[in-house]
Amino acid sequence: MKEYLENVRRQAPLIHNITNYVTANDVANVLLAVGASPIMADEPDEAAEITSHCRGLHINLGTLHLRTIRAMLLAGRKAKELGHAILLDPVGVGASSLRRDTAISLMEEIRFDVIRGNVSELKALAGGTASTGGVDADAADAVTEENLDRMTAFAKRYSAACHAIVAITGAIDLVADEDRCFVIRNGCPEMSRVTGTGCQLSGLMTAFVSANPDHKLEASAAAVILMGLAGEIGVRHLQPGEGNATLRTRMIDAIYNMTGERLEREANYDIR
Amino acid sequence: MKEYLENVRRQAPLIHNITNYVTANDVANVLLAVGASPIMADEPDEAAEITSHCRGLHINLGTLHLRTIRAMLLAGRKAKELGHAILLDPVGVGASSLRRDTAISLMEEIRFDVIRGNVSELKALAGGTASTGGVDADAADAVTEENLDRMTAFAKRYSAACHAIVAITGAIDLVADEDRCFVIRNGCPEMSRVTGTGCQLSGLMTAFVSANPDHKLEASAAAVILMGLAGEIGVRHLQPGEGNATLRTRMIDAIYNMTGERLEREANYDIR
Amino acid sequence: MKEYLENVRRQAPLIHNITNYVTANDVANVLLAVGASPIMADEPDEAAEITSHCRGLHINLGTLHLRTIRAMLLAGRKAKELGHAILLDPVGVGASSLRRDTAISLMEEIRFDVIRGNVSELKALAGGTASTGGVDADAADAVTEENLDRMTAFAKRYSAACHAIVAITGAIDLVADEDRCFVIRNGCPEMSRVTGTGCQLSGLMTAFVSANPDHKLEASAAAVILMGLAGEIGVRHLQPGEGNATLRTRMIDAIYNMTGERLEREANYDIR
């Protein structure tokens, strides 16, 4: 996993984020922490031009607006044309038809390299995508040791159906293409009490895939492991009286200080 | 006060926030700290649908836009129809006619459970609301020991006029319905040097009222006490060289770690 | 430098920020830290009215929208009419024609007191402004000891051309009017790993110029020195395992705790 992080540090890719205003600051700081550079821009009039200066595009459906949807499409087309790494984070896609319709039309228009969400988002997406109808039939509400075979099979099938790496994050994280699935056991439950850890991970994954174009699956898994490790380190150092706000800071700090060696050594995963 | 916090923790209500982009991250993290769940969404095309999945709606006039005003109305109507807890935070309502007109039309359209602001916001609101004309005559510029009788009477009268719990927060906090007024002396002056403590409190109050529908006044007061205690704990633990940015983190941490027993024990209020 | 900070603390100017959603929270907290007050509002329908209650206006092109451009123009005209301090932060002005065109039309319409950016932003601005064509010919890609004479000359010439104080921030900071240039050596490289330190500085400079109308150049320099010192103090206190997220907090804390004496004593600059 070492080299994927080091490639990000060495190349310092500029990542265009069209993302929600709730967690944009954390996404920017986590990209700076890992050694990449962030730019946020969601005005249709400049979206394609901005993305042309970048190496990767992170599209995130949180606090979606009609205006930003147009920016997503314009930036997505340009990024695709230029061969940039493109990631979709379908935040809350099950919560409104606007988000579902937007996700589907983006997926039809743009070939994403990675789609990352939690299990309910990925289920909603798989169930709502015409071209992949039925693929969600086997998806459970959470990835557990008991349903792991079923869920890795779902991740691989959905990856094949949408031609993208599929990352399902939660207590156990899955990162799959149609052939292989990384099953990752880094991370800790306290991370879910910090807003935006998913958005931050989406930013990181975009940077990792941008900097490792020949190993997109492995680089995606490395980003997920990195985020999980950051959570573990953050929780381990919490003092009495500290809580989720301190953890938010510590996780970004842990990414800032992460070395390739430590990532390699503390990574906890297998491939199925 | 214990049970009101514990009901939030047990029920983990999902709260829809239509709020400003300055403090949205803190509102999300404070809701996670108290055990509730946040969702932010302000696009008119999805506002009603999003709110239908929630238990409470927090409408905040900071960084108001014409677009978000429509989302507020659509979400507010749906939330009212579904019997959700609804709170209005009239940020800066005295600073522009757009905010004043928006507050008034929202209040005419939606019956809020709670209206929370500082004394100048509540005065501006009371003075500008046709149906409550004159109710602000007795309002001072700050709640002090000297004008406490006058201000509790103002809070009760304004509550009766707008059919909502009225919370006026400052050095002394008042939380009133038409009959009773909680006079709360938790908190500390340093809190005013952290942006968004009012917005955070509005998020918390929405969660408390959502989880305690039969004790809305008491639950509102409990949320105000919790925020004040968080400020006290945060300031007490500041080290030399630390300032408002550390305090921001410590306050959310204090809410994360708050127990019902401690809330009960350190609450400092009387009822008039 | 002492008195410029103390004037901010004494007068507590209210600053209107039309700025990006990525760093708005930090801009608000840094203004509170220094003793000023922030308000964020970018809806054209209220922009002029909001600014009329303030003392200074900070216009920042990050996450620019067509809607906010109109707010910038309306607020800018009103602020100019009222004699407020007005600052332009041309974030990413070289990255899109929308940002370049917006900066140019704002500069034609509004006479800014201060224009602050990094060297590439200032070069793009100088190169793209019709009325200052050619002024960028001598601008290098970074201010270094080697090109210092050339760059101070560029800053002075560009200041003369656009009738504003020009602040070019980086490893060495330049703050110039047409006659004098402060060359400031406070700060440290780690600051570039925290998102929004430039936006925060722009907020601070607006407050300093607002509170020191008779010494705009010196007050601008004082704000740049303050931000640089905050970075130095923040980095000096970093513990093992801490990184850019902790530094973000520590810098704002350092501004909260800064005294006039310390600012005076640790300022590191000369005037050319």
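**A word on the side chain of R116 of chain C**
Residues and elements named next belong to chain C.
Point 1. Summarising the element assignment, R116 is placed in strand β5 (residues 114-117).
Point 2. Engagement of the side chain of R116 in a polar contact is seen with the backbone oxygen of G198, the distance being 3.3 Å.
Point 3. Among all residues touching R116, those that are not within four sequence positions of it are L88, D89, P90, L122, A167, T169, G198, C199, L201, S202 and M205.

**Things to note about helix α10 (residues 244-257) of chain A**
Residue and element names in this part refer to chain A.
Point 1. End to end, α10 covers 20 Å across 14 residues, agreeing with the expected 20 Å (1.5 Å per residue, within 8%).
Point 2. Taking burial as the measure, the 14 residues of α10 include 11 buried ones, the bulk of the element.
Point 3. Buried within α10 we find N244, A245, T246, L247, R248, T249, M251, I252, D253, A254 and I255.

**A closer look at the confidence of the model for chain A**
All names here are of chain A.
Point 1. Mean pLDDT for chain A: 95, with 96% of residues reaching 70 or above.
Point 2. The low-confidence segment residues 130-134, where pLDDT is below 50, has 3 contacts with residues more than four positions distant or belonging to other chains.
Point 3. Scored as a whole, the predicted complex attains pTM 0.96, and scored at its interfaces, ipTM 0.95.

**Observations concerning the pairing of strand β6 (residues 165-168) of chain A**
All names here are of chain A.
Point 1. A two-sided burial pattern is seen for β6, the buried positions comprising I165 and A167 on one face and V166 and I168 on the other.
Point 2. Inspection of the sheet shows strand β5 (residues 114-117) paired to β6 by 4 bridges, in the parallel sense. The residue of β6 that forms the bridge with G117 is I168.
Point 3. Pairing of β6 with strand β7 (residues 173-176) involves 3 bridges; the strand directions are antiparallel. Bridge assignment links I168 to a residue of β7, and that residue is L174.
Point 4. Where β6 hands over to β7, the hairpin turn is made up of 4 residues, counted between the paired strands.

**Things to note about the interface of chain C and chain A**
Point 1. Listed per partner, the contact involves 27 residues of chain C and 25 residues of chain A.
Point 2. Taken over both partners, the interface formed by chain C and chain A buries close to 2,300 Å², and the fraction arising from carbon and sulfur atoms is 47%.
Point 3. A per-residue breakdown of the area chain C buries against chain A is headed by Y21, R193 and N244 of chain C, which together make up 26% of the total.
Point 4. Linking chain C with chain A are 1 salt bridge.
Point 5. E46 of chain A is the partner of R99 of chain C in a salt bridge, and the nearest nitrogen-oxygen pair spans 2.9 Å.
Point 6. Taken together, the connections running from chain C to chain A amount to 20 residue pairs in polar contact (both at pLDDT 80 or more).
Point 7. The set of elements that each furnish at least two residues to the side of chain C that touches chain A consists of α5 (97-109) and α10 (244-257) of chain C.
Point 8. Taken together, the residues of the side of chain C that touches chain A break down into 8 nonpolar, 12 polar and 7 charged.

**Points about the environment of T195 of chain B**
Point 1. The residue T195 of chain B is located in the loop between β8 (181-184) and α8 (197-211) in this model.
Point 2. Those residues in contact with T195 of chain B, other than ones at most four positions away along the chain, are V22, T23, D26 and Q200 of chain B together with N25, A28, N29 and L32 of chain C.

**Brief notes about unusual backbone geometry**
Point 1. Of note, T63 of chain B is a non-glycine position whose phi angle comes to about 40°, a positive value.
Point 2. Within the secondary structure, T63 of chain B sits in the loop between β3 (56-60) and α4 (66-81).
Point 3. Its identity as a non-glycine residue notwithstanding, A12 of chain C has a phi of 45°, on the positive side.
Point 4. Relative to the assigned elements, A12 of chain C resides in the loop between α1 (2-11) and β1 (14-18).

**Observations regarding the sheet that holds strand β8 (residues 181-184) of chain C**
Residues and elements named next belong to chain C.
Point 1. Ordered by their spatial adjacency, 9 strands build an open sheet running β2-β1-β3-β4-β5-β6-β7-β8-β9, and the pairing between neighbours is mixed. The open sheet has two edge strands with one neighbour each: β2 (37-40) and β9 (269-271). The average undirected angle you get between the axes of adjacent strands in this sheet is 15°.
Point 2. In terms of strand pairing, β1 meets β2 through 4 bridges, oriented parallel. By the bridge assignment for β2, L14 is matched with S37.

**Topic: the relation of the copies chain C and chain A**
Point 1. For the pair chain C and chain A, the superposition axis carries a translation of 0.0 Å, the fit reaches an RMSD of 0.0 Å, and the rotation angle comes to 120°. The two molecules are tied by a three-fold rotation axis, judged by turn and shift. Of every C-alpha in chain C, the one belonging to Y21 of chain C sits nearest the axis of rotation, 3.4 Å from it.
Point 2. Comparing contact sets, just 7% of the residues at the interface of chain C also lie at the interface in chain A, consistent with a heterologous contact between different surfaces.

Criteria and thresholds
- Residues numbered from 1 in each chain as written.
- Chains lettered and ligands numbered in written order.
- Predicted model: local features only at pLDDT ≥ 70, side-chain atom pairs only at ≥ 80, totals over all residues.
- Heavy atoms only, no water.
- Helix = DSSP H or I, 4+ residues; strand = E, 2+ residues; numbered from the N terminus.
- Polar contact = N/O pair within 3.5 Å; in protein donor to acceptor, adjacent residues only side chain to side chain.
- Contact = heavy atoms within 4.5 Å.
- Expected span 1.5 Å × (residues − 1).
- Buried < 20%, exposed > 50% of the residue type's maximum accessible area, 1.4 Å probe, protein only.
- pLDDT = per-residue confidence, 0-100.
- Pairing = 2+ DSSP bridges.
- Buried area = accessible area lost by both parts, 1.4 Å probe.
- Salt bridge = Lys/Arg side-chain N within 4 Å of Asp/Glu carboxyl O.
- Nonpolar A, V, L, I, M, F, W, Y, C, P; charged D, E, K, R; others polar.
- Axes fitted to C-alpha atoms, helices over the stretch in contact; angles between N-to-C directions.
- Least-squares fit on C-alpha atoms with pLDDT ≥ 70 in both.

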